[in-house]
Amino acid sequence: MSKRRDPNPEFDFFIPLMNDLPLKDQREVMERPFFSLQKRKRLKPIEYRSPQGDAWVKVEAMPAYGMATIWDADILIWAASVINRMKEQGINDLPRTLTTTTYDLLRGIRRGTGGRDYQELQAALSRLETTSIRTSLRAPKRRTEAQFGWLDGWSLEVDPETDQPRGMTITLSNWVYEGIVSERSLLTMHPDYFLLTGGLERALYRVARKHAGQQRGGWTCRVELLREKTGSDSTVGEFNRMLRKLIEADQLPEYTLSMTKTGDGAPAVLFELRGAAEAAELHAKLEADRERRERAEAERRRTHEVDALMDRLARGQRA
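Residues numbered from 1 in each chain as written. Predicted model: local features only at pLDDT ≥ 70, side-chain atom pairs only at ≥ 80, totals over all residues. Heavy atoms only, no water.

*Asks:* Hey, could you run me through the pattern of salt bridges in this one?
*Replies:* If the charged atoms of two oppositely charged side chains come close together, the side chains can form a pair. Under the defined criterion, the tally for this structure stands at 18 salt bridges. Between Asp74 and Arg202 there is a salt bridge, with its nearest N and O atoms 2.9 Å apart. Note that Asp74 is positioned in helix H2 (residues 73–88) and Arg202 in helix H6 (residues 199–211), a separation of 128 residues in sequence. Grouping residues by exposure puts Asp74 and Arg202 together as buried. (Salt bridge = Lys/Arg side-chain N within 4 Å of Asp/Glu carboxyl O. Helix = DSSP H or I, 4+ residues; strand = E, 2+ residues; numbered from the N terminus. Buried < 20%, exposed > 50% of the residue type's maximum accessible area, 1.4 Å probe, protein only.)

*Asks:* Can you walk me through the nonpolar core in this structure?
*Replies:* The tendency in soluble globular proteins is for nonpolar side chains to be buried side by side. The biggest cluster of nonpolar side chains holds 77 residues, and the ones touching the most others in it are Phe35, Trp150, Leu172 and Phe271. Broken down by element, this core gets its largest block of residues, 10 residues, from H2. With near-sequence residues (within four places) excluded, Phe35 lies in contact with Val29, Ile46, Met67, Ala68, Thr69, Ile70, Ala73, Leu76, Leu128, Trp150, Arg206 and Thr230. (Core = buried A, V, L, I, M, F, W, Y, C linked by side-chain atoms within 4.5 Å. Contact = heavy atoms within 4.5 Å.)

*Asks:* For this particular structure, what's the right way to read unusual backbone geometry?
*Replies:* Backbone phi values are negative for most residues with the exception of glycine, while trans is the configuration of most peptide bonds. Unlike most non-glycine residues, Arg110 shows phi in positive territory, near 60 degrees. By the element assignment, Arg110 lies in the loop between helix H3 (102–108) and helix H4 (115–130). Positioned with a positive phi, Asp250 is a non-glycine residue whose angle comes to about 55 degrees. Inspection of the secondary structure puts Asp250 in the loop between helix H8 (236–249) and strand E11 (255–261). Residue classification places Asp250 among the partly exposed residues on the basis of a relative accessible area of 33%.

Given below as structure tokens:
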């Protein structure tokens, strides 16, 4: 529930980093549960259906690898950000296969570059390729669906002398690629998202960025629906406990969270932009100060009136 220390506080000048790119992710992926929120292997499927029933997602893991995690998704964010930069540069033939180095990719998503980091990168790529997703999203008709993995393939080039990884390729699945290149399909994310250590923290930020956005007054979500949107497999009680701890820690980039209730009394969370929340707090303080001043002025006038009345009564008695 605190930000992970940046393992690479200083970067080589010539390496293209996420710090130099607007961090991008797909809108429709951010608001629904596509990834495991835990680092231990998850085999239990994620099954989600929107309250309206028109959108559903089912995510299944291959037992040998486990389900792709919300940390594995950093690779997809990197890919979306790189392709978006190409679009902005006017490149028409946007590639579905990206070529980079393991070093540059790890540095780009603000990870370390030790031996264990390379091993974890390979495991992440395997999970992204083998996790199976079925969904009604983008289906032209209600009864149609799509099935895909996040990656269609990947490769690592190994130095024959040192046995260390060098170059690598990542081939995005067609579903992922189409979502990235589509107009208005991406949202900008805060670069400190990569430093969030908790899976639930990351999921809450993604939900907040998609739904609260820049709204004045924020966005309110029932706790029950929020649990479904994040795909948490925790019990209701455990989820509520973790949620309250995150609200108390208040570590999310851009947004602050607070407990509230819906009109029918159901427990809910209010997501607000930090600037908006601070402005609302200042406004409330100023309004309270104004009310105190008005009460003090009214009391002063009443005291003055009573004193004046007492003076008149005293003069009348003397007369």
